[in-house]
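Each chain, letter by letter, is given below.
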Amino acid sequence: MYRTKLEYIIMAGRYFGSSTIFILFLLFTVSIKTQKSSTSLLKRSSVLICNGLDRKDFPGRNSLVKRFPRASPTSPYLKSLAGLQLSYTFLCASYLLLLAGDISTNPGPRKAIELCGVCGKGCRSTQKAIECEECEKWFHAKCVRISNMEFKDYAKNPSLYWACSTCIFPGEISINETTFELPSEGTGNSPADDDPLQDRNLMGNIQLDPVEPGAEGIPENTELERLRNQHKKELLIAHLNINSIQNKFEELCKIIKDLQIHVMFISETKIDSSYPDSQFSMAGYSLYRNDRKKGGGGIMALISTALVKKRLKINKNYKTVETLAFEIKTNKGNMVILGIYRPPTLLCGNYRLELENELSELCNWASLQANFVVVLGDLNLDRLKPEKPEGKLLLDLEAEQDFKCLITQPTRVEKRGDVITKTLIDVLLSNKPELFKCAGNYYPCLSDHALIYGILKERINQNKPKVISFRSYKNFDADSYKKMLEMAPWHLYQ
C-alpha cells in the first residue's frame, strides 16, 4: 500500500519538476493523513475526551457521581503503526525537497560574501549593493547614499558607469561627516531628516594633519596681517571650515580679534541645540547659528555689532546645502552676504541636477534682495578641475550669475605620506569684484582648510551706539498713583 503511493508521488514529482504549489499540496495531503491517523490512534487507545466539563466538575474520590473506568494502555501494534506513518511522511517530504532543487546533495563550501567598502559588512544577495568599476569593490546602496530611484536606474542599465569616491577623488577628499539632519526648529533652510538625498557621505572618517604655513606650496600669513595693520576700518569678510568648533573657539576668537574680522562665517561646526549660545558668544559680535539636530555639519556666523545688519529669512528648505543670509548696509548701498556649506557628495544621478537648481535659485533670490551680492563658503566643488563635473558645475554657476571667484589659490592642502594634494573648494564669489581691495587665503592651522577673506575698498558704515532714556507705563496703575498723591505730605512744602 505505502509502496504504491510512494511510486505515484515520485512519478508526479518528476513530471511537475520544482513546482512549489504541487509540493505544498502534497505536503498538506500527507499532513492531513497523518493527523487522521493520530486521531484514530487516540480513539482506539480509549483516551477520554470530555465535552462540556470543567476541571472543577470532575468527580472526586468521595463523590457519589459515577466515575468513568480507566482506559486500557495503548497496544504496541498501534505505536509501531504511528511510527511507520511518521517515517512515511518524513521520506516523502525529503524527496519532494530534493526534486524542488532547493537543496543540493553535495553543496560544498559557501561562496565568499563581498564586504562593503564603507561599513565593512557583507553585501548579501537580499541587499541592494553596487560594484565600483575601478577598484571592483562592492558597496551597500545605503552606505554610498544611492536612492531607490537611482539604484533602479543602475539595475535597468548595467552599462551605466559608477565609481566610488575613493577612485573618483584619489587622495583629495577626506570625509568625516555625520548624518545630514534637519536643523533646529526655526532655521528653515537646511535638509530634512527623512530626505533620501540628505547626507551622502561616501567614505569613512579620515583625518589628515593640516600643512603648516611656509611649507611647500603654502604662503606665509604675513600678507593679511600687514594689510590689517595699515587698513583697519575696511570691511573684512572671512570664512573657515573649522571641522568641529567645540574645542577651537578660543583660538578662533583670538584670530578674529587679531585680524579684526567684521563678518566671520564658520562651517562644519558639528554642534546642535544642546550647546548654548553663551558657549560661543564673543564680546562685540552677534552670534547666528544654523545647526543640525544631531550635530555634524552646520554653519555659524559672528558679525560685528558695529555693522548695521539684518538676518534674511530663507523660506525654502534646501536639501543639498546649509545657508545663512544677511543684509549689511555700506556706503555704496546694501549688500547681501550668503554663507553656504555643502557636505561632500558625489555628483551623480538626480543629486547633481538638484544641487545645480538649488544653487541657482539661491543666488537668484539673493540678487533680488540687493544689487551687491557676496557668496562665500565651502561648496566642496574643486574649481581647479574644470574638466570634471564638480568644477564644471561651479564655472557654470559663475557664468550664469555673472560672478567672479576672488580666491585663486588652493584652500585645502593635505599631505598623504610624501604626496601633497591641493584643492580649491572654499570660494568667495561676487557680482561686483571691483569693490574689493584684495582677497586671498590665511592659514590659521585650526583645520585642514584655509581661511578665505575679502577686504572691501569702502569703509564700513558703523552703527554708533546711542543711549535712549524713557519712562515705561506698561505696569502703570492710575488709582494707586492717585492714592499715593493724596497721602503725600504736601503741607510740609507750603
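What counts, and at which threshold
Residues numbered from 1 in each chain as written. Predicted model: local features only at pLDDT ≥ 70, side-chain atom pairs only at ≥ 80, totals over all residues. Heavy atoms only, no water. Axes fitted to C-alpha atoms, helices over the stretch in contact; angles between N-to-C directions. Helix = DSSP H or I, 4+ residues; strand = E, 2+ residues; numbered from the N terminus. Parallel < 35°, antiparallel > 145°, perpendicular 65-115°, else oblique. Left-handed = near helix turned anticlockwise from the far one by under 90°. Contact = heavy atoms within 4.5 Å. Nonpolar A, V, L, I, M, F, W, Y, C, P; charged D, E, K, R; others polar. Pairing = 2+ DSSP bridges. Core = buried A, V, L, I, M, F, W, Y, C linked by side-chain atoms within 4.5 Å. Buried < 20%, exposed > 50% of the residue type's maximum accessible area, 1.4 Å probe, protein only. Patch = residues over 30% accessible without salt bridge, like charges linked within 9 Å, V, L, I, M, F, W, Y side chains within 5 Å. Areas by Shrake-Rupley, 256 points an atom, 1.4 Å probe, with all protein chains shown as cover. Salt bridge = Lys/Arg side-chain N within 4 Å of Asp/Glu carboxyl O. Phe/Tyr/Trp six-rings, centres within 6.5 Å; stacked < 30°, edge-to-face > 60°.

A few words now on the packing of helix α8 (residues 350-369) against helix α9 (residues 389-401). When two helices pack together, you describe them by how their axes are tilted relative to each other and by the distance separating the axes. Direction vectors running N to C along α8 and α9 enclose 25 degrees, while the axes themselves pass 11 Å from each other. When the axes of α8 and α9 are compared, the pair comes out roughly parallel. Crossing of α8 over α9 shows right-handed handedness. Taking contact as the criterion, the partners of Arg352, Leu355, Glu356, Leu359, Ser360, Cys363, Asn364 and Ser367 in α8 are, on α9, Pro389, Lys392, Leu393, Leu397, Glu400 and Gln401. Classifying every residue of the contact of α8 with α9 by side-chain character gives 6 nonpolar, 4 polar and 4 charged.

Looking now at the sheet that holds strand β7 (residues 309-312). What the 6 strands build is an open sheet, ordered β7-β8-β9-β10-β14-β11; its pairing is mixed. In this open sheet, the two edge strands, each paired with only one partner strand, are β7 and β11 (404-405). Pairing of strand β8 (residues 322-330) with strand β9 (residues 333-341), which is carried by 9 bridges, proceeds in the antiparallel orientation. Along β9, the bridge assignment pairs Ile328 with Met335. Strands in contact with α8 are β7, β8, β9 and β10 (372-378); relative to β9, the strand with the most contacts, it is inclined by about 160 degrees.

Val263, Phe265, Met335 and Ile337 are the most contacted members of the largest nonpolar core, which totals 51 residues. Per-element accounting of this core gives the leading share, 6 residues, to α8. Ignoring anything within four residues of it in the chain, the contact list for Ile337 reads Ile237, Val263, Phe265, Leu324, Ala325, Phe326, Ile328, Val374 and Leu376.

What follows concerns a nonpolar patch on the surface. A surface patch of nonpolar side chains, about 580 Å² in accessible area, is lined by Tyr473, Phe476, Tyr481, Leu485 and Trp490. One can find Leu485 in helix α10 (residues 478-487).

Here the structure, examined in full by the defined rule, presents 8 aromatic pairs. Taking 6.0 Å as the distance between ring centres and 55 degrees as the angle between the ring planes, the aromatic pair formed by Phe265 and Phe326 counts as tilted. Placement of Phe265 in strand β4 (residues 263-267) and of Phe326 in strand β8 is noted, with a sequence separation of 61 residues between them. Each of the two residues, Phe265 as well as Phe326, counts as buried. Ring geometry for Phe372 and Phe436: centres 6.2 Å apart, planes at 75 degrees, overall edge-to-face. Note that Phe372 is positioned in strand β10 and Phe436 in strand β15 (residues 436-442), a separation of 64 residues in sequence. A residue is classified by how much of its surface remains accessible, and Phe372, at 6% relative accessible area, is buried.

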